[in-house]
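Reading the structure
The chain contents come next:
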Amino acid sequence: MEEVALRLKELLFPSIPDAAVLSVDVDIEIVRVDAQSIADGAVCPVCGVWSNRVHGSYLRFPADVPSGGRSVVLQLRVRRFTCENSGCARRTFVEQIPGLTRRHGQRTERLRSTLAAVGLALAGRAGAGFAHPSAAARCSGWSTHFPNLR
């Protein structure tokens, strides 16, 4: 079973060493991926002090690039850490997975770069029709201008 999880990680997140794939469920329209960070800790974004003291965790659902014509639903468990620096204004902070998430991000870094490339190559909104409809509508707010992208 561990070998299968390693293969899934290599297929889904080949360049992201701190992500672990827990499970994948594929049906005719959707690929559901459960993942989490496997890093030992994280750096406080305010003071830069390393912490491995977990305060809690929760699920994030960042939009991701489609796979094989199917929408990808990423269920990502992230941890909230307590800042170890008593002088820091930030008491807790959420880990970010480099190459996958960013603070307050609602889409993965690879979806951001894909949409940016489409936008640059096809002059902005004209490229919306060529991007995956659900990704374009979710990530850009274009659904109000292009109802057929919903």
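Further up the page is the structure itself.
Computed from a prediction, not measured in an experiment: that's the story for all the values here. (Residues numbered from 1 in each chain as written. Predicted model: local features only at pLDDT ≥ 70, side-chain atom pairs only at ≥ 80, totals over all residues. Heavy atoms only, no water.)

Below, the discussion takes up the nonpolar core. The biggest cluster of nonpolar side chains holds 14 residues, and the ones touching the most others in it are Phe13, Ile16, Val33, Leu74, Leu76, Ile97 and Leu100. Those elements that provide at least two residues to this core are β1 (19-26), β2 (30-37) and β6 (71-82). Looking at this core element by element, the count peaks at 4 residues for β6. In terms of nonpolar packing, the next biggest core, distinct from the first, is built from 6 residues, Ala42, Cys44, Phe81 and Cys83 among them. (Core = buried A, V, L, I, M, F, W, Y, C linked by side-chain atoms within 4.5 Å. Buried < 20%, exposed > 50% of the residue type's maximum accessible area, 1.4 Å probe, protein only. Helix = DSSP H or I, 4+ residues; strand = E, 2+ residues; numbered from the N terminus.)

A volume near 450 Å³ is recorded for the largest pocket. Lining the largest pocket are 25 residues; nearest its centre among them are Arg60, Val94, Glu95, Gln96 and Arg103. Mapped by element, the contributors of at least two residues to the lining of the largest pocket are β3 (42-43), β5 (54-60) and β7 (92-94). With 3 residues, the single largest contributor to the lining of the largest pocket is β7. Of the residues assigned to the lining of the largest pocket, the class counts are 12 nonpolar, 7 polar and 6 charged. (1 Å grid on protein atoms, 1.4 Å probe; cavity = no way out; pocket = protein on both sides within 12 Å on 5 of 7 lines; lining within 4 Å. Points joined across faces, edges and corners; volume = space filled by probe spheres on them. Nonpolar A, V, L, I, M, F, W, Y, C, P; charged D, E, K, R; others polar.)

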